[in-house]
Amino acid sequence: MSRAFNFSAGPAALPEAVLLRAQSELLEWQGESASVMEISHRSKAFVALTERIESDLRRLLQVPDDYAVLFLQGGATQQFALIPQNFAAPDATADYLLTGHWGVKAQAEASPYVHANIVASDAAGKFTTLPARSTWQLTPGAAYLHVTPNETIHGVEFDETALTNLDDVAVIGDVSSTLLSRPLDVSRYAMLYGGAQKNIGAAGVTLLIIRNDLLARQPRPLAKILTYAAQAKEHSLLNTPNTFGWYLTGLVLQWIDGEGGLAAIGARNQRKAAMLYAAIDGSGGFYSNPVDPRYRSWMNVPFVLHDAGLDAAFLSESIASGLVSLKGHKAVGGMRASLYNAMPEVGVQALVDFMADFAKRKG
Ligand code: PMP
């Protein structure tokens with residue numbers, strides 16, 4: 001068996017310890033005489049598991065008590081459409097800050113349900129920076145402000161410190177590619193959400209952290225299954241959930257604990273990103289990353305080679321060296337290295353060494 005260093009943007013690498021644990025419990029889970037996939041989601045054992053997972057998540061992220069934590073399906077993409085339907089009346093306005101591909105999608109998907117106002121966009125700059133706060137055209141009385149703190153394709157990232165003078169606005173963050181990659185001030189947001197398939201587990205589970213006052217909004221009739229408040233009331237067990245995915249998320253949370261919690265994970269993620277950006281910036285122009293250094297992502301590092309004619313060789317040789325999924329998204333081209341929680345520092349070191357060697361041979 002050989003597992004490569006996997007730089008996939010998602011579904012992404014899982015910690016080996018988590019996969020081995022799941023493997024060891026696959027046939028028989030916790031005295032249930034069956035796997036966790038084969039028992040009722042209403043069983044005592046499974047409900048106890050969901051309670052443990054929720055309390056682990058709350059502790060790790062220090063989620064305040066007035067927030068609900070949900071484990072749903074549909075990915076972040078489904079939430080793009082559900083957020084306006086849950087929190088805004090059809091004639092209301094919601095604000096969208098666009099810093100890349102996913103924010104653009106969120107705004108487009110919300111548009112059938114709400115006036116989705118674009119507060120600011122760096123489309124003209126090809127999404128390489130965060131538009132200055134002074135340029136944001138906020139709507140007074142907006143239902144919410146939607147932001148994407150890490151743009152997975154463009155590699156543009158900002159943290160809570162960028163969200164100034166927004167005390168009266170319900171800020172909603174799509175944190176698909178950063179949630180649980182470092183400590184986060186949950187209270188800065190009215191809602192956070194994202195798929196599990198990058199830092200938190202396997203595809204098919206979507207985490208939502210929603211402040212109770214938002215849940216109390218019921219601006220239009222909506223099927224129960226699409227209503228966040230109804231899901232919160234039933235602890236995400238309104239219907240059959242993705243039981244195995246939920247279980248895997250629980251294993252990842254325990255792994256994060258074992259690694260020293262989010263502060264330790266965050267420090268490691270910062271070191272990994274610094275190592276790769278230093279290699280890019282120090283390559284004498286052989287490699288480059290276009291993002292404003294103030295807003296460079298720790299999680300997703302897009303970069304191009306000075307000569308796109310070398311891309312194919314870079315990719316095939318990197319795979320031969322045990323470094324996989326480095327091809328960039330077609331929207332930006334070149335390469336992208338995603339450095340989520342499960343990527344060890346030695347994996348980034350191996351990438352940096354490969355890049356230096358490749359540049360030496362082809363430069
Ligand atoms: N938002 C962001 C920031 C993402 O990175 C992704 C997936 N790459 C999505 C939304 C869409 O997520 P999903 O495929 O889970 O719907």
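Overview of the structure.

About the cut-offs
- Every residue gets a number counted from 1 within its own chain, in the order that chain's sequence is written.
- Reporting in this predicted model follows two pLDDT cut-offs: at least 70 for local features of residues, and 80 or more for side-chain atom pairs to be given and counted; totals over whole chains, interfaces and linings ignore these cut-offs and use all residues.
- The basis for every side-chain value is the complete set of non-hydrogen atoms in the structure, without hydrogens or water.
- Among buried residues, the Ala, Val, Leu, Ile, Met, Phe, Trp, Tyr and Cys ones that are joined through side-chain atoms within 4.5 Å form a nonpolar core.
- A 1.4 Å probe rolled over the protein chains alone gives each residue an accessible area, and that area as a share of the maximum for its type sets the label: buried under 20%, exposed over 50%, partly exposed in between.
- Numbering of helices and strands runs from the N terminus, with a helix taken as a DSSP run of H or I at least four residues long and a strand as a DSSP run of E at least two residues long.
- By definition in these notes, contact holds between two residues if any of their heavy atoms fall within 4.5 Å.
- Here the positive residues are Lys and Arg and the negative ones are Asp and Glu; neither His nor the chain ends is included.
- Should a side-chain nitrogen of Lys or Arg be within 4 Å of a carboxyl oxygen of Asp or Glu, the pair is scored as a salt bridge.
- Working definition: residue near molecule or strand if any one of its non-hydrogen atoms lies within 4 Å of it.
- Distance and chemistry together define a polar contact, namely a pair of N or O atoms within 3.5 Å, with one atom able to donate a hydrogen and the other to accept it when in protein, and with adjacent residues in sequence counting only for side-chain atoms on both sides.
- Residue-level accessible areas treat just the shown protein chains as cover; the underlying method is Shrake-Rupley with a 1.4 Å probe.
- Three classes are used: nonpolar for Ala, Val, Leu, Ile, Met, Phe, Trp, Tyr, Cys and Pro, charged for Asp, Glu, Lys and Arg, and polar for all others, with Gly counted as polar.
- When DSSP finds two or more bridges between a pair of strands, those strands are recorded as paired.
- Axes here refer to lines fitted to C-alpha atoms; in helices the fit is confined to the stretch in contact. Angles between the N-to-C directions go from 0 to 180 degrees.
- Residues are said to line a cavity or pocket when one of their atoms sits within 4 Å of a point; the points come from a 1 Å grid over protein atoms alone, cavities being sets where a 1.4 Å probe fits but cannot get out and pockets being open sets with protein on both sides within 12 Å along at least five of seven lines.
- Grid points are joined across faces, edges and corners, and a volume is the space filled by probe spheres set on the points.
- Two rings from Phe, Tyr or Trp (for Trp, the six-membered ring) form a pair when their centres are within 6.5 Å of each other. A pair whose planes differ by under 30 degrees is stacked, one over 60 is edge-to-face, and the rest are tilted.

**Re the nonpolar core**
Then comes step 1: Ranked by internal contacts, the top residues of the largest apolar core, which has 54 residues, are Leu61, Trp136 and Leu180.
Then comes step 2: Elements that contribute at least two residues to this core include exactly α1 (16-24), α2 (44-61), β2 (67-72), β4 (115-121), β5 (145-147), β10 (206-211), α7 (243-258) and α8 (261-281).
Then comes step 3: Counting residues per element, this core draws most heavily on α7, at eight residues.
Then comes step 4: Those residues in contact with Trp136, other than ones at most four positions away along the chain, are Leu97, Val119, Ala120, Leu130, Pro131, Leu145, Ala162, Leu163 and Leu166.
Then comes step 5: Ala76, Leu82, Leu98 and Met191 belong to the second largest nonpolar core, which has 31 residues in total.

**Digging into the side chain of Asp311**
Then comes step 1: By the secondary structure assignment, Asp311 is in helix α9 (residues 311-320).
Then comes step 2: Of the side chains bearing the opposite charge, Lys327 lies closest to the buried Asp311, which forms no salt bridge; the N-O distance is 6.9 Å.

**A short note on the site of the ligand**
Then comes step 1: Around the ligand, the neighbouring residues are Gly75, Ala76, Thr77, Phe80, Trp102, Thr148, Asn150, Thr152, Asp174, Ser176, Gln197 and Lys198.
Then comes step 2: Take Asp174: an N or O atom from its side chain is 2.6 Å from a nitrogen atom of the ligand.
Then comes step 3: Within the side chain of Gln197, a nitrogen or oxygen atom sits 3.0 Å from an oxygen atom of the ligand.
Then comes step 4: Out of a free accessible area of 390 Å², the ligand has 84% covered by protein chains.
Then comes step 5: In terms of residue class, the shell around the ligand is made up of three nonpolar, seven polar and two charged.

**So, unusual backbone geometry**
Then comes step 1: A cis geometry characterises the amide bond from Gly10 onward to Pro11, with omega recorded as -5°.
Then comes step 2: Within the element layout of this structure, Pro11 appears in the loop between β1 (5-6) and α1.
Then comes step 3: The residue Leu180 is not glycine, and still its phi comes out positive at about 70°.
Then comes step 4: One can find Leu180 in the loop between β8 (171-174) and β9 (191-195).
Then comes step 5: Residue Leu180 is classed as buried on the basis of its relative accessible area of 1%.
Then comes step 6: Although it is not a glycine, Ser236 sits at a positive phi angle of roughly 65°.
Then comes step 7: Considering the arrangement of structural elements, one finds Ser236 in the loop between α6 (228-233) and α7.

**Concerning the sheet that holds β5**
Then comes step 1: Pairing in this open sheet of seven strands is mixed, and the strands run β2-β10-β9-β8-β5-β3-β4 from one edge to the other. Two strands lie at the open edges of the sheet, namely β2 and β4, each paired on one side alone. Neighbour-to-neighbour, the strand axes of the sheet open up by a mean angle of 20°, direction not taken into account.
Then comes step 2: In this structure, β5 lies alongside β8, joined through three bridges in parallel fashion. Pairing of His146 across the sheet is with Ile172, part of β8.
Then comes step 3: Seen against the sheet, α2 touches β2 and β10 and runs at an angle of roughly 125° to β2.

**Concerning empty space enclosed by the protein**
Then comes step 1: Scanning all chains against the criterion turns up two cavities of 30 Å³ or more.
Then comes step 2: Empty space within the largest cavity amounts to approximately 50 Å³.
Then comes step 3: As for the largest cavity, its lining consists of Ala13, Leu14, Pro15, Lys198, Asn199, Ile200, Gly201, Val252, Tyr340, Asn341 and Ala342.
Then comes step 4: Classifying every residue of the lining of the largest cavity gives seven nonpolar, three polar and one charged.
Then comes step 5: As a volume, the second largest cavity reaches approximately 40 Å³.

**Focus on the packing of aromatic side chains**
Both the distance between ring centres and the angle between the ring planes are used here to describe each pair of aromatic rings.
Then comes step 1: With the rule as written, the count across this model stands at 15 aromatic pairs.
Then comes step 2: Each ring, one from Phe244 and one from Tyr247, has its centre 5.4 Å from the other, and the planes form 35°; the classification is tilted. One end of the pair is Phe244 and the other is Tyr247, both in helix α7 and three residues apart, which spans about a single turn.
Then comes step 3: You can call Phe244 partly exposed: its relative accessible area is 22%.
Then comes step 4: Ring-pair connections join several aromatic residues into one group, and the members of that group are Phe286, Tyr287, Phe303, Phe314, Phe354 and Phe358.

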